[in-house]
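# Observations on the three-dimensional arrangement
This is what each chain is made of:
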Amino acid sequence: MLENLRKLLLSSRTYEEIRLLDLLRAAASGNLRCRVRRATIGDMPSFISVSHVWGTGKAERLMHLDSGCGTKDVQISQNLESIFVGLLCHDSNTFPQLWNGSCKLPMWIDMVCINQSDMGEKASQIPLMREIYSQARSVIICINECDIFLRYAFQYLRQAARDNPATEENNPGIRFDPIGWDAIKRLMDCEWFHRKWVIQEAVIPKDAIFLCGADIMTMDDLFRGIDVVLTALLARPKAIKELYFAHVGSVRPVLALRELKRSYAKDQRQLNLLWMLENLRLTRATLAHDQIYALLGLCSPEEAAKNPIRYDLEPEEVYRTSAVSHAQLHNDLDFLGLCPSWVPNWHSKHLRRCLGLGRLDNEHQFFRASGAIPVDPTFKGNELMISGILVDRIKVLSDFCSPDRRHELSDANSKLFQQYFDFWMTPTGYPMPYKDDANQIETFARTISLLGIYLEPLPSPNELLEMFHRWFSGSALGEQLEQHGLGRNSAGQANGTKRFMRMNRLMSWEPFVTEQGYIGLAREKCSVGDEIWIIGGCNVPILLSPKAESPSHYEVRGEIFLDGFMFGEIMSTERVERRSIRRVTLV
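Described in the following lines is the structure provided in the data block.

Conventions we followed
Residues numbered from 1 in each chain as written. Predicted model: local features only at pLDDT ≥ 70, side-chain atom pairs only at ≥ 80, totals over all residues. Heavy atoms only, no water. Axes fitted to C-alpha atoms, helices over the stretch in contact; angles between N-to-C directions. Helix = DSSP H or I, 4+ residues; strand = E, 2+ residues; numbered from the N terminus. Parallel < 35°, antiparallel > 145°, perpendicular 65-115°, else oblique. Left-handed = near helix turned anticlockwise from the far one by under 90°. Contact = heavy atoms within 4.5 Å. Buried < 20%, exposed > 50% of the residue type's maximum accessible area, 1.4 Å probe, protein only. Pairing = 2+ DSSP bridges. Phe/Tyr/Trp six-rings, centres within 6.5 Å; stacked < 30°, edge-to-face > 60°. Lys NZ or Arg CZ within 6 Å of the ring centre and 35° of its normal. Arc of directions from axis to C-beta. Disulfide = S-S within 2.5 Å. Core = buried A, V, L, I, M, F, W, Y, C linked by side-chain atoms within 4.5 Å. Polar contact = N/O pair within 3.5 Å; in protein donor to acceptor, adjacent residues only side chain to side chain.

Following both chains from N to C, one finds helix α16 (residues 415–425) and helix α17 (residues 437–448) inclined at 130°, their axes separated by 11 Å at the closest point. Viewed along their axes, α16 and α17 adopt a mutual orientation that is oblique. The handedness of the crossing between α16 and α17 comes out as right-handed. Residue-level contacts link Phe-417, Tyr-420, Phe-421, Trp-424 and Met-425 of α16 to Gln-440, Ile-441, Phe-444, Thr-447 and Ile-448 of α17.

Right, dumping it as structure tokens:
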């Protein structure tokens, strides 16, 4: 579609030379007009960057382009045409960020300022993107979709940000607005929030403005507005919660984006690639390689240097390189929680959220399973040798939580929860590792709720037990929980306002009992006989499956939740005496 444009732009250039685009008044024919100019990194004029989703549709009209070496009418995308038309509708009063006095600022747009058909040019220009975006005066983030819901979302968020600059949980400032929440979800569904390349375009520039049609909203208004709306969401009355289901996960793309901007502004060297890959999992790239390459502009220079841009390699090799470089630079192996291989396939739709990486706060880890076990990985081709402690083996598995029972996870009276209870709490006839009923029932509560790791905000351990008890209160299972002691020790320790409404995360976990009687949750595709390991550098226990032909070689089956082993308890004197640290090979 842009081949003529790309050919026109081809010219000799130095490594640090880029192109900028001037948007001119439309031609007499009504066609758009632009002019291309060159600039050098370190000596660039004031300019703005444009972040948008390319799309596949072609514009109906050609664009008149002056490259300084000649002029030509070229085909552009429908999305880009819409952006240019929208920008021409503004002047220095309605959109001051676009202007420098009486002059409109030039633009940098990756779609036209980089020859996308030249892999060599892409490989040389992508490393410059961090510098380009950091020098941009601001970034215009273009939402190509435009409808009444999106206009209402912009209005609702701007109003929330400006009328309620500071809120508290019990004083949200505004009432929860279901229509406004639906409008925000519509905004979060827009393609821009799901593209990988736009992340660095939005995070690195100091100033960012969203443009939807002719409507404008600053990124600061977006962040403040979301905060206010989330406070109202969490504080909505119980009756509304039961009538209208809503959860914080709907706006996770914005929360992750805000955490990235906050962290980048604080320390541009601390963002690690693995955290970004995990928390931006739902964003997409057309080329599998770009799952990695699109984020390198936000990494430290050391991590970016260890992941050279090589489109000639297979994606698996690119992913392996990123895993090895992460282990070497950050001294952790949390990527092992992402099965079915020690090399995560970041282009797959089947990767699960990782317990060791799932929190948005990238400065603090919640789980600390490995404690002081040495972190000394050795990489050799497709093999990874690690140090760890064998904890136990799976003795019994169950898979009664099938996809067609998802709706039961929002019903405290569901027979599904009774099945979990019966599976884990029925006497087995062999010694159990729990000291009494109360200890086992609290383990049951912590396990089935995964310690609330997916809840925002994260509850304290005592608050979690109270929330769990309150949610099942009045149900048949609730009576059984109380008979086993749940509620007698935890009641009154929480503020009484928070409660579970769904536990649909259980869909991707399978309950098990170990040979020693421990209860836990494992990812799908696990088997009886699989081994539970605490591995140096992993914040959660890992399930490994021994290879029949080589007992010291294992396949990775992913992370597990095993209460009592999530916070370094394995390193207690009693447990270390019974177990030794071993070296095993992952394939």
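In this section: the pairing of strand β1 (residues 17–24). In terms of burial, β1 is largely enclosed, as 8 of its 8 residues are buried. Alignment of β1 against strand β2 (residues 32–40), held across 8 bridges, turns out to be antiparallel. From the neighbouring strand, Ile-18 faces β2, where its bridge partner is Ala-39.

As enumerated under the stated definition, the model contains 25 aromatic pairs in all. In this structure, Arg-236 packs its charged tip against the face of Phe-176, placed 5.5 Å from the ring centre. It is Arg-523 that lies over the ring of Trp-509; its NZ or CZ is 3.9 Å from the centre.

For an α-helix, the turn length of 3.6 residues means that residues three or four places apart are oriented alike. Within helix α19 (residues 476–483), the full set of buried residues consists of Leu-477, Gly-478 and Leu-481. Along the long axis of α19, the arc covered by the buried residues comes to 100°, so they all point the same way. Residues of α19 that are exposed and point more than 90 degrees away from the buried face comprise Ala-476 and Gln-483. Where the residues of α19 are buried, they touch α16, α17 and α18 (461–472). Gly-485 sits one or two positions beyond α19 and adopts a positive phi of about 105°.

Take the state of the cysteines next. Such a bond, covalent and formed between the sulfur atoms of two cysteines, is termed a disulfide. One pass over the full model with this rule turns up 0 disulfides. Looking at Cys-190, it has no disulfide partner, and the nearest cysteine sulfur is the one in Cys-212, 6.6 Å off.

What follows deals with the nonpolar core. Taken as a class, soluble globular proteins show a tendency for nonpolar side chains to be buried jointly. Counting 193 residues, the largest nonpolar core has Phe-84 and Phe-444 as the members making the most contacts within it. A total of 9 residues in this core trace back to one element, the largest contributor, which is helix α9 (residues 219–234). In this structure Phe-84 touches Leu-21, Leu-23, Leu-32, Cys-34, Met-63, Ile-76, Met-107 and Ile-109, once residues within four positions along its chain are discounted.

With respect to the helices and strands, Arg-523 occurs in strand β15 (residues 519–523). A distance of 2.9 Å separates the side chain of Arg-523 from the side chain of Ser-508, its partner in a polar contact. Within polar-contact distance, the side chain of Arg-523 engages the side chain of Glu-559 at 2.8 Å.

Turning our eyes to something else, we now look at the pairing of β15. Here β15 lies mainly inside the structure; 5 of its 5 residues are buried. The side-chain alternation of β15 yields two buried faces, one formed by Ile-519, Leu-521 and Arg-523 and the other by Gly-520 and Ala-522. One ladder, built from 5 bridges, connects strand β14 (residues 509–514) with β15; its direction is antiparallel. Across the sheet, Val-513 pairs through a bridge with Ile-519, a residue of β15. With antiparallel pairing between neighbouring strands as the criterion, β14 and β15 make up a hairpin whose turn holds 4 residues, including Gly-517 at a positive phi of roughly 95°.

Honestly, that's just the spatial picture; any functional story needs more than this.
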